[in-house]
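Summary of the model geometry
Each chain, letter by letter, is given below.
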Amino acid sequence: MTHHKGQTRPTRFAAGAALVVAAAASVFTACGSILDVDNPNNAPAEALDNPSAAASIVIGAENSTARAVSSALTPYTAATDESIWVGSRDAYGQLDNGGIGDPNNEYPDAAFFNVGEARWLAEQAIAKLEGFEKDGKLLDDALLVRAYVNGAIIYNTIADIWDDTPISDRMAAGKNVGEQNMSVLYDSATKWLDRAAAIDPNGRVLGMRARTKFSKAIWAKLNPPGTTPANPLVNDAGAVADATAALPKMPGDFFFSIETTNQNVGDGSGGGFGFEFNNRGELAVSPDLAQLDPDDFHLVAVTAKDPVTGTVDNTAKKMIAIVAQAEDGNNPPMIQVSKREMHLILAEAALAAGNNAGFDTNINAIRAFDGMPAYAGAGPTRIQLLNYERRINLIFQGRRLSDMYRFGVTTGGIGINGQPRWLANSTARKQIGCLFPIPITERRANPEITGDPVCKP
Amino acid sequence: MVSQVHRRTALVTALAFAAAAARLAAQQAVGVGVVEGTVREAGTGRPLEGVQIGVTGANIGTVTNGRGAFRIQDVPARTVELRVRLVGYSPVTRSVVVTSGQVKTADFDLQQSALQLEAVVTTGTGGAVEVKKLGNTIGTIEPPKYAPINTPSELLQGKEPGLVGLPSSGMTGEGARIRIRGNASLSQSNEPIVFVDGVRVNSSGDFSFNIGAGGGGSPSRLDDIDPVTIDRIEVLKGAAAATLYGTEASNGVIQIFTKKGTSGPPRWDLNVAQDAIKYPTNRLEENWGYATRAGQADSLSKFWGRTITPFKPFSQPMVADLFETGKASTVAASLTGGNSALTYFASGRYYAEDGPWAGTRTGTTTAADKSTRAQGTLNVNMLPTSKTRLAGRAAYTNSRLETPNNSNNIFSPITQALFGKPDLANCRNSDPDGTDPDLGVLSPGRCKSAGNAYGVQGTFGTPNELQGILTKQGVDRYIAGLDFQYTPISELNFTGTFGVDYTSSQNSSFQEFLYNVDHITANDTAGAKTVQDRNDREITLDGKMNWSRNFTTRISSSLVVGAQGFISRITQPGGFSHNFPGPGIAVASAGEEPVVYDRIEETVNGGFFAQEQLGWADWVFATVGARYDYASTFGENAGGVLYPKISLSIVPTSHPSWNIPVLSSFRIRAAYGQSGRQPGAFDKLTTFQALNGTSGSGLAPFNLGNPNLDPEVSTELEAGFEAGFWADRVGLQATYWDRVVDDLLVEKQYPLSGGFQTRQLSNIGQMKAHGVELSLRGLVVNRPTMNIDLFANGAYLFQKITSLGGAAELKVSGSYPRYRNFLREGYDPGHLFGAKLMQPCRSGQTAGCLQAGQLPYDLDGDGEADSEADVRSFLSTPTSLGDLFNGNVILLENGLNSDLGKPTPDWTGAWGGTFTFFRNWRVYTLFEYKGGNYTYTCLTCGFRNASTRARNSSATARVGAILQDPASTADQRLAAAKEWVYELAALTPYDGLNQNSPADFTRWRELSLTYTASPNVAAKIRARELSITLSGRNLALWTKYVGTDPEVNAIGRTLGGGRDSNYLDAVDAFNLPLPRRVGLSVRLGY
């Protein structure tokens, strides 16, 4: 440093200080990299464009879907006659009482966080992998089949459980499909399953497609909502064809299930279906199916009576145990496709067509899985038996509410053993066919949602 | 890396001290003398400890000891000016003539002062400066010497208008959230930033992101600081004062100054204290129930050992039974001494509390409410040369905390005891075959083995079982700082600070293998454990130059330029597993499906600042300054942000012409400034997270990203005055402030159907606030035998969200319907909205209201309100509460959208005083209040009145019994139904209904009675000082609030950021009332 003539000591010191400060300034300016801090916790958006991440993309979509289905099943089951609310969160009680039209109910609302993610990610996975395949960079077509099946699962889930849904993309709000147009979700699922079947027509793919087509036919029975259909039975040719084709490809008592783990369970409000059911104990098996402990509502024994024999039903014991006595109670299997469901589809189609023998054959194929005596027309009517077998064989699979509506199972009473416990002025009682509405968080966040919902509290 | 930092810090410190010591040894006392004397309080003659005596221009000084004595060595042999200062007293300046090699005696009497305009502060000023020169307010809190205060959180409470502490439940070891002038951010932390002697420190709280007991019992890292070591705390309340701290300072700054030591021979201070702690049981309603059948009544009579009659409500104190009188012990010792060139202060403190939790009536308890803190501090200050000062500080804290699950946690023994239904109590699980003539009952209220003695419902568990769950935290904390000051000439000095704060916390939540001793709980009965470390490292680098000079005899100048940087790194590794293979196992690696957690976050902030303060004739002062800030959040290419400030202070009473004797001091001031708050480290990025599942780890959406993120900018204008009357024996301070937060970071919720769950921050909102702060202090009596010093303060707060930038309103706590706080345009943040009953029709109103004779019931489901006659008819036969309650029979006025009130008090404040009598006796007390438009949600009431899992309040038991009793008349049932709907019905689908009540309160926060022995008495045990204090904390509560306590809250002391942490206010969710604490302490000085 040069000392200028006439410069006072304080001024010299000040000049020195300025240099010191200037040197310190270089920490932030000349060495700008100190401000460039990496994020080691997450991957950047570009990761989804890398073909080597194809497996990670599909697995992410599958894990997201499992979480979404787990989250959606919890409130859905509470609203049906599959379970009752025995815990502390009154929002389950509201559903148990048939109050399914309230967009403020915390559980469908919380579930929709995961459902929205899973739907978007499922589409992303399909689009990305189709792009990789088009570019010749997808090394394993099985990944694409998984992506298609995953897409079908979440689209079926939404259409089975919600009255309406918007389709948005990241920050771009999308319009709602509309209550009367929700069957397009089944169409999307079918389209993807067609492509999957073109690659690998296995039992899982064909069974999923049969389920999708059958669900669409049920949806058509109940929409527009309002009354119990005069003829509840469904006979869908496409579903029958797929179920027939799927059966030979399904060994033994075939189930295709998805599961969560402790790392992707949870819906932001409760802890996921298994946790809420088996661990926290907000829900318990419906008391007309099981004996419950009077203190804690633990499942003491399955007591559901086979309507044919009047004895305790082995099928009920087996199917309820899949959830209620799962090896990992927090993460029970969530069945998406089963050989039993294929037989149920075929049995119902036969019954609808007046083919009692066909009905009996398929029903008895299911009963044989659990050593139950064959049905030959004695005892319950075939339609009663169909209703019962669907309730038991598809229990906790997210299908029951529509069956209750179409079979007219809407009253039971308030008592602990009455099922369902829908109140006289509840949405479920007054508006047959209504499912969950677009929940409050989505409504608040999405300015594109239009129309006055038919289903209301 | 961390250990390297520690080693380097230690090495630098050791080298600096060695060099200084060498210089000291070589120093020759040439041409110097000694000044010594005693400082006493004017009026009482009481010797004053801790008085600062400095020699102007010589950079030397000392502090008085307990006898008020001081001694300054190496004072230049000439006429020097001594400055004598002590917080709470008017400073004195006097010239003395020092002769080489001689001892000069100078005694001082300091006059108590209710105003502190001459006090020197340093926070946010760039350097030491008298308060009167600042255009902004700055609060100074000096620890009351004998107050019942165990933590810095308690020390801050009620001491400064506008600063409030928000406790949670009074659980052992928990800290408080701190708010200064309300909330300046919707999404970012509303906690002030905290410094200790210039070093930015970790001021977060809670356990960790995967572990928490439910809200209560969550600690504050602020409380790691040993309160014994605190000399004073300076508080900057907002942007106008905190501009020089730049980004992060918009919620204010708290700077803790620790004791630096006093010169003289080594002096020991010892303190031993013992406290008793008890929850006020008068705030805990007993559990009520009633039998509905004769057989049930017979069984209950057997169980409870008294006659139970059908439809006659009876009660049991189930919650109070869980608690006993807790205890806490404190042992503290400090040592101080030194000479004019070196002073030191060393302190050690051990605090152990075993709180009131006692477990349940049966079985053993794993859960505990214990807190221990071992704290050590060493401060050394050196003056190696007359131009150089070195200061080194090191503080270590080891704390251990254990707490049972609590608050809004269904797996809490306290919650389940609150929900207990004495009418459902039984010992069936001790008598599974139903063959025991005793019904499994061992003695009244106790089972022979397993049972349901609390009558809980569901699989959550009994209190017996849930006391098998324990949340723990162990913390090792090290704060070190090194200051360097070089004063080449009296007008100029350079200062630098380097500091490190490292916190290593080990957190765990553990539930035992087969803790389901009553065969009720289903929650991971084979055990579970979560472990989560949280390691915080904060590095501070600070350097500045202060150049003070007088341009003319009238115009003075003080220029400050400097730079400051903070590097923060947080790592959080952890894991979880459950289903242990056998008893005795308590490690997370032993269970099934182990899950690993890991999270790393680093942020870098820094900036430059400059400030010029001009003074005119020592009565007009103007300040201009600015800070230019950088932050890693915005990346290296984003540039910085400029925060300006300007202020003016005019002190007419310092003008020579002032001649209004009664008004001894008067100052008016105004300040304008900006500060900021930056978003999180990675909020700008679009990212995908790992989502694990059955087939492996995949990618899932996480953060939408916003590359245009900026800090939110808080602009504050404040103006006020201080007035001192009658020689400053009465002081009045008043401040009005007005704040606008622009570019407010709003967590915009994009459609869930778009795939991203996480709300994205955007600078789109605006929030406004203003307030008034008043403080009055009066030295009413000041005689040798009696001294009365009274104070009162109050702060008014108004705040409103003026814009959410088009984003939808946000509900606090997401989908959970019971918390009714919202962020909505046009309302104060956190405002309560929920269910309110349909109201009587106003004139001309025909729909959506109750006509005369109608009740807000729709029992027939026709969508119309029923008439009283209809309801009476419905109730002609016995009816259960369930029939009345079941969804949609109660009519609301506006869904869940009715205004339920304002959760933030309009007014907060405190009053109290110190009363000294007979020379040796002193009473200190403080009352704290909150009030105005202040509403609290009693979720506990909602449950105890209405939830089918509780319904055990006395009112509900009475109403329920009347409705069900066949002997009741229809009119009695009608009256009960009215009480039910107008006062008791609550929860989904009526969230908010009958759950809110006014929450104004006054609490007797602090009281102490101290006897200080005269020096002669103390000398009999060879002590310099002896005092005995009887103290009490939270001794009484006056409130209209219907719930447990209007201060408890569901959220607890959180990590600091986020909407829930900021705005889950005024929610009492199964909390306990704040405990009363009574203690006895003995202090000895040698």
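Residues numbered from 1 in each chain as written. Chains lettered and ligands numbered in written order. Predicted model: local features only at pLDDT ≥ 70, side-chain atom pairs only at ≥ 80, totals over all residues. Heavy atoms only, no water.

What follows covers the sheet that holds strand β11 (residues 139–141) of chain B. Residues and elements named next belong to chain B. Taking strand neighbours across the sheet as the criterion, the five strands line up as β11-β16-β17-β14-β15 in an open arrangement whose pairing is mixed. The open sheet has two edge strands with one neighbour each: β11 and β15 (199–201). Strand-to-strand twist of the sheet, defined as the mean angle between neighbouring strand axes without regard to direction, takes the value 25°. With four bridges joining them, strand β14 (residues 193–196) and strand β17 (residues 253–258) adopt parallel strand pairing. Across the sheet, the residue bridging to Phe 195 is Gln 255, located in β17. (Pairing = 2+ DSSP bridges. Helix = DSSP H or I, 4+ residues; strand = E, 2+ residues; numbered from the N terminus. Axes fitted to C-alpha atoms, helices over the stretch in contact; angles between N-to-C directions.)

Taken together, the contacts link 101 residues of chain B with 91 residues of chain A. Between chain B and chain A, a total of about 8000 Å² is buried, with carbon and sulfur atoms accounting for 60% of that surface. Where chain B packs against chain A, one counts three salt bridges. A salt bridge links Arg428(B) to Asp295(A); the shortest N-O distance between them is 2.8 Å. Linking chain B to chain A there are 33 residue pairs in polar contact (both at pLDDT 80 or more). (Contact = heavy atoms within 4.5 Å. Buried area = accessible area lost by both parts, 1.4 Å probe. Salt bridge = Lys/Arg side-chain N within 4 Å of Asp/Glu carboxyl O. Polar contact = N/O pair within 3.5 Å; in protein donor to acceptor, adjacent residues only side chain to side chain.)

Glancing now at the nonpolar core. Within the largest apolar cluster, 138 residues are counted, with the highest numbers of intra-cluster contacts made by Leu129(A), Trp162(A), Met342(A), Phe359(A) and Tyr405(A). Grouped together as the second largest cluster of nonpolar side chains are 89 residues, Ala835(B), Ala955(B), Leu984(B) and Leu1064(B) included. (Core = buried A, V, L, I, M, F, W, Y, C linked by side-chain atoms within 4.5 Å. Buried < 20%, exposed > 50% of the residue type's maximum accessible area, 1.4 Å probe, protein only.)

Further remarks concern the pattern of salt bridges. All names here are of chain B. Across all of its chains, the model carries 84 salt bridges over all chains by this definition. Here Arg 1033 ties to Glu 1006 by a salt bridge, and the two come within 2.9 Å at their closest N and O atoms. Linking Arg 1033 in strand β54 (residues 1025–1039) with Glu 1006 in strand β53 (residues 1001–1012), this pair joins segments that are 27 residues apart in sequence. Arg 1033 sits in the buried class, given a relative accessible area of 5%. The buried category is assigned to Glu 1006, whose relative accessible area is 0%. Via salt bridges that share partners, Glu 49, Lys 145, Arg 267, Asp 269, Arg 1024 and Glu 1025 belong to a single interconnected network.

One way to say it: the disulfide is the covalent bond shared by the sulfur atoms of two cysteines. Residues and elements named next belong to chain B. Within the structure shown, the criterion is met by four disulfides over all chains. Sulfur-sulfur distance for the disulfide between Cys 427 and Cys 447 comes to 2.1 Å. Linking Cys 427 and Cys 447, the disulfide has an S-S dihedral of approximately -85° and is accordingly described as left-handed. With Cys 427 in the loop between α5 (413–419) and β25 (441–443) and Cys 447 in strand β26 (residues 446–447), this pair connects stretches of sequence that are 20 residues apart. For chain B, the bonded cysteines connect in the pattern 1-2, 3-4, 5-6 when numbered consecutively along the sequence. (Disulfide = S-S within 2.5 Å.)

Any region with low pLDDT has predicted coordinates that should not be read closely. For chain A, per-residue confidence averages 91 on the pLDDT scale, and residues scoring 70 or more make up 91% of the total. In this model residues 1–7 of chain A is a low-confidence stretch, pLDDT under 50, and it forms four contacts with partners more than four residues away in sequence or in other chains. (pLDDT = per-residue confidence, 0-100.)

Before going further, it helps to spend a moment on the pairing of strand β31 (residues 574–578) of chain B. Each regular strand shows side chains that alternate between the opposite faces of the sheet. Residues and elements named next belong to chain B. The element β31 is largely enclosed, with a buried count of five among its five residues. What you see with β31 is no split at all: Gly 574, Phe 576 and His 578 on one side and Gly 575 and Ser 577 on the other are buried throughout. By the bridge criterion, five bridges tie strand β29 (residues 528–550) to β31 in an arrangement that is antiparallel. Pairing of Gln 532 across the sheet is with Gly 574, part of β31. Sheet topology places β31 next to strand β32 (residues 592–597); four bridges connect them, and they run antiparallel. Bridging across to β32, Gly 574 finds its partner in Tyr 597.

Residues and elements named next belong to chain B. The four strands lie next to each other as β3-β2-β5-β6, forming an open sheet whose pairing is antiparallel. Each edge of the open sheet is held by one strand with a lone partner, namely β3 (60–63) and β6 (92–97). Within this sheet the neighbouring strands show an average axis-to-axis angle of 20°, counted without direction. Pairing analysis gives four bridges linking strand β2 (residues 52–55) to β3, with the strands arranged antiparallel. Bridged to Gln 52 within β3 is Val 63.

Residue and element names in this part refer to chain A. Here helix α4 (residues 106–134) spans 42 Å end to end across 29 residues, near enough to the 42 Å set by a 1.5 Å rise per residue. Of all the bends in α4, the largest measures some 30° and sits at Phe 112. Between the side-chain oxygen at the start of α4 and the backbone nitrogen of Tyr 107 there is a gap of 3.0 Å, and the oxygen is on Asn 105. Phi turns positive one or two residues past the end of α4, at Gly 136, with a value near 70°. (Expected span 1.5 Å × (residues − 1). Bend = angle between axes of the 7 residues up to and from the residue.)

Counted residue by residue, helix α10 (residues 314–324) of chain A has eight buried out of eleven residues, so it is predominantly covered. At the N-terminal end of α10(A), a side-chain oxygen is found 3.0 Å from the backbone nitrogen of Thr315(A), two or three residues along, and the residue is Asp313(A).

Let us look at the packing of helix α11 (residues 339–352) of chain A against helix α12 (residues 356–369) of chain A. All names here are of chain A. Between α11 and α12, the shortest axis-to-axis distance is 7 Å and the interhelical angle comes to 160°. Between α11 and α12, the angle falls in the class roughly antiparallel. The interaxial crossing formed by α11 with α12 has left-handed handedness. Counted together, Lys 339, Arg 340, His 343, Leu 344, Leu 346, Ala 347, Ala 350 and Leu 351 of α11 and Asn 356, Gly 358, Phe 359, Asn 362, Ile 363, Ala 365, Ile 366 and Phe 369 of α12 form the full contact between these two elements. (Parallel < 35°, antiparallel > 145°, perpendicular 65-115°, else oblique. Left-handed = near helix turned anticlockwise from the far one by under 90°.)

Per the stated rule, a full pass over the model turns up 42 aromatic pairs over all chains. Relative to Tyr107(A), the ring of Tyr92(A) has its centre 3.7 Å away and its plane inclined at 10°; by these criteria the two rings are stacked. Linking Tyr92(A) in helix α3 (residues 90–96) with Tyr107(A) in helix α4, this pair joins segments that are 15 residues apart in sequence. Here Tyr92(A) falls in the buried class, since its relative accessible area comes to 0%. Note on Tyr107(A): relative accessible area 0%, which makes it buried. Where Tyr936(B) meets Tyr1041(B), the ring centres are 5.4 Å apart and the plane angle is 75°; that geometry is what we call edge-to-face. Remark: Tyr1041(B) occurs in the loop between β54 and α13 (1059–1063) and Tyr936(B) occurs in strand β51 (residues 935–938); sequence separation between them is 105 residues. For Tyr1041(B), a relative accessible area of 4% translates into the label buried. Among the aromatic side chains, those forming a connected cluster through ring pairs are Trp911(B), Phe927(B), Tyr929(B), Trp1004(B) and Trp1038(B). In this structure, Arg549(B) is placed above the aromatic ring of Trp547(B), and the distance from its NZ or CZ to the ring centre is 3.8 Å. (Phe/Tyr/Trp six-rings, centres within 6.5 Å; stacked < 30°, edge-to-face > 60°. Lys NZ or Arg CZ within 6 Å of the ring centre and 35° of its normal.)

Further remarks concern a nonpolar patch on the surface. Residues and elements named next belong to chain B. A surface patch of nonpolar side chains, amounting to about 690 Å² of accessible area, comprises Phe 918, Trp 921, Leu 1009, Ile 1028, Leu 1030, Val 1078, Leu 1080 and Val 1082. Those elements that provide at least two residues to the nonpolar patch are β54 and β56 (1076–1085). Per element, the largest residue contribution to the nonpolar patch is three residues, and it comes from β56. Counting through the fold element by element, Val 1078 comes out in strand β56. (Patch = residues over 30% accessible without salt bridge, like charges linked within 9 Å, V, L, I, M, F, W, Y side chains within 5 Å. Areas by Shrake-Rupley, 256 points an atom, 1.4 Å probe, with all protein chains shown as cover.)

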